[in-house]
Amino acid sequence: MTTDQKQLVKATVPILREHGVLLTTHFYKRMFEHNPELKHVFNMGNQQNSKQQTALAMAVLAYAENIENPGVLMPVVNGIGHKHTSLSIRPEHYVIVGNHLIASIGEVLGDGATPELLEAWTVAYNQLASLMSGHEQTIYDKQTAKVGGWSGWRPFVVKQKVKESEEITSFYLYASDGGQVADFLPGQYISLRLFLPELNLLQPRQYSISCAPNGQYYRISVKREAGTKHPDGMISNRLHDFIEVDDMVELSAPAGTFVLDAENEKQKVFISGGVGQTPLMSMLEELVKGKSERNIPITWVHGCRNESVHAFKDRLAEIAAANQVDHHIFYDDVAETGTSGYKGWVELERIKDDVIHAEAEYFICGPAPFISKHYHFLLENGVAKSAIHFEEFGPASLQLN
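This is a predicted model, so every value here is computed, not measured. (Residues numbered from 1 in each chain as written. Predicted model: local features only at pLDDT ≥ 70, side-chain atom pairs only at ≥ 80, totals over all residues. Heavy atoms only, no water.)

Here the focus is the packing of helix H5 (residues 74-86) against helix H7 (residues 115-145). Direction vectors running N to C along H5 and H7 enclose 60°, while the axes themselves pass 9 Å from each other. In this view, H5 runs oblique relative to H7, as classed from their interaxial angle. Seen from above, H5 lies across H7 with right-handed handedness. Facing Met74, Val77, Asn78, Ile80, Gly81, His82, His84 and Thr85 of H5, the residues of H7 in contact are Leu131, Met132, His135, Glu136, Ile139, Tyr140 and Gln143. Taken together, the residues that form the contact of H5 with H7 break down as 7 nonpolar, 7 polar and 1 charged. (Axes fitted to C-alpha atoms, helices over the stretch in contact; angles between N-to-C directions. Helix = DSSP H or I, 4+ residues; strand = E, 2+ residues; numbered from the N terminus. Parallel < 35°, antiparallel > 145°, perpendicular 65-115°, else oblique. Left-handed = near helix turned anticlockwise from the far one by under 90°. Contact = heavy atoms within 4.5 Å. Nonpolar A, V, L, I, M, F, W, Y, C, P; charged D, E, K, R; others polar.)

As summarised here, the arrangement of the 6 strands in space is E4-E3-E6-E1-E2-E5, forming an open sheet in which the pairing is antiparallel. Each edge of the open sheet carries a strand with a single partner, namely strand E4 (201-208) and strand E5 (218-223). Neighbour-to-neighbour, the strand axes of this sheet turn through a mean angle of 40°, independent of strand direction. Sheet topology note: the strand E2 (residues 168-175)/E5 ladder contains 6 bridges and is antiparallel. Residue pairing for E5: Phe171 is matched across the bridge by Ile220. The strands touched by H5 are strand E3 (189-196) and E4; relative to E3, the strand with the most contacts, the crossing angle is about 40°. (Pairing = 2+ DSSP bridges.)

The sheet built from 6 strands is open, its strands ordered E10-E9-E8-E7-E11-E12 with parallel pairing. Each edge of the open sheet is held by one strand with a lone partner, namely strand E10 (342-343) and strand E12 (388-391). Taken together, the 6 bridges between strand E7 (residues 267-273) and strand E11 (residues 360-365) define a ladder with parallel strand orientation. By the bridge assignment, Ile271 is partnered in E11 with Ile364. Most of the contacts of helix H10 (residues 313-322) go to strand E9 (residues 325-331), to which it runs at about 155°, and overall it touches strand E8 (298-304) and E9. The sheet strands contacting helix H13 (residues 368-380) are E7, E11 and E12, and the helix crosses E11 at an angle near 160°.

Dropping the structure here:
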């Protein structure tokens, strides 16, 4: 890009800050009208709740703000790249997206979209697309190089369906060809794709793997989104109500950047809300697998409505009894269930001496407000940003690091 082109892109930053979601909403509407086949690729639930439009607006803004040094965005590029490979996004998709994005800039800005501005954004987008697709090819290459690895969509069979609580059910997924499945880093997710008759579309959804790597199967633990006809809940409801043992689903290879470094011997503190415990359960099972002589101290903090919706309660008790795991469970309805858990939602202040440690790694997973609340509590109590890792389900909306 020329210096003048970079300045033209940077000049659009105030507009993107104020009207970015308007632009991306127009973009998605335009793209799906002209390329309806992409509805099979994108999560249409995130289109209805505006999460995808907001996430894209934030990404476009960040790119414009850093147009002179896009390398600083590599951590973001890496996270998006993992999402894209889990959806089998390919270079040809970038061409389609680029055409509609530039056209949308022209249509939304009207007379303000000079030929020079559109040319600058075209160059900028092509530069970003090259960066993204190149990085994603690296991820694909690493996935296919693994024993049992693959790229794109692979058929899997449900061999077990286990009810973990009143809301959450686990599905044990084995490759339909009988082959091995690629190992993964605890905390990663897989994409699962089903056909939804209600929408007449194939739809992908990402689910954290809730077991330790084993080379034979993946376990996902899915919360039923009861009482909703919104696309967000259609896949989870279909899994609960219609997918049975011996049925087939399609999966993409494990991906994701919210991961455990099992070789790091620092104390681990896991903090989760509701179904947010699924990637943390994978991390926990990996840490205690084989009863390592390192015996890393672990603190487990979890909150949910009551005991009936508390998945993996017995599994946690089993692990805690056999290992060095200090666990704290918060129930909003303690009196109703008669348990001895803490009353109310998770409040780290109440267990401050058990969670604040000079040398520890923290992993937080749950709804965005849950993550933000506990992230800031940890910072306020002297925990370094670099020691806090978090995962927000769905398109990213938090900017904490």
